[in-house]
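# Examining the three-dimensional arrangement
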Amino acid sequence: MAKIGKKQIQQSASKPNSALKKLNALVGEWKMEAMKEQFKLEGQTTFQWFEDGAFLLQRSDFKPAELPPAATMIIGGDESSETFGVLYYDSRGVPRILQMSLTDGVWKLWRDAPGFSQRFTGTFSKDGNVITGR
């Protein structure tokens, strides 16, 4: 179980990619808390517009730093799909390509790869300031 709390960042894109408009709910600084076995992990993630709103940039970091590693994601999309493409890279040097959706207050990330598929589903609170995920 993970909870993410949001701090607002004042930012607007001058030439936004209209396909990313609904991702504005993610923009800001978020405090993260997660439990891994008996360890409580704390960290932060920031979502901000990149290249005048052509992409959404996410940077995250946990304490202790190695569990999980610091990561950067570049999120993009186009009008032809309800899903987004995500390029992931972390402090271990691990690259990933994931898919993402954000629909009706439910944020999903997934990767289907032989031998190592990944899934995350987070649900926004009614006020949009907390995401509870698995």
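For the structure itself, look to the data block above.
Residues numbered from 1 in each chain as written. Predicted model: local features only at pLDDT ≥ 70, side-chain atom pairs only at ≥ 80, totals over all residues. Heavy atoms only, no water.

## As for the overall build of the protein
Secondary structure assignment for the protein yields zero helices and ten strands. When the helices and strands of the protein are placed in sequence order, the string is β-β-β-β-β-β-β-β-β-β. Counting the 134 residues in the protein, one finds 36% classified as buried. Nonlocal contacts in the protein, meaning residues at least 24 apart in sequence, comprise 36% of its contacts between residues at least 6 apart. Only carbon and sulfur atoms are counted for the fraction: they give 54% of the accessible area of the protein, which is about 8,300 Å². (Helix = DSSP H or I, 4+ residues; strand = E, 2+ residues; numbered from the N terminus. Buried < 20%, exposed > 50% of the residue type's maximum accessible area, 1.4 Å probe, protein only. Contact = heavy atoms within 4.5 Å. Areas by Shrake-Rupley, 256 points an atom, 1.4 Å probe, with all protein chains shown as cover.)

## Looking at the pairing of strand β6 (residues 84–90)
In summary, the side chains of a regular strand alternate between the two faces of the sheet. Residue alternation in β6 divides its side chains into a buried set, F84, V86, Y88 and D90, and an unburied set, G85, L87 and Y89. As paired strands, strand β5 (residues 71–76) and β6 are joined by six bridges and run antiparallel to one another. Each residue of the ladder has a partner; that of M73, found in β6, is Y88. Inspection of the sheet shows β6 paired to strand β7 (residues 95–103) by six bridges, in the antiparallel sense. Bridged to F84 within β7 is M100. A loop of four residues connects β6 with β7, the two strands running antiparallel in sequence, and G93 in this loop sits at a positive phi of about 90°. (Pairing = 2+ DSSP bridges.)

## Points about unusual backbone geometry
Phi angles above zero are rare outside glycine, and E51 is one such case at about 55°. With respect to the helices and strands, the residue E51 is situated in the loop between β3 (39–50) and β4 (55–63).

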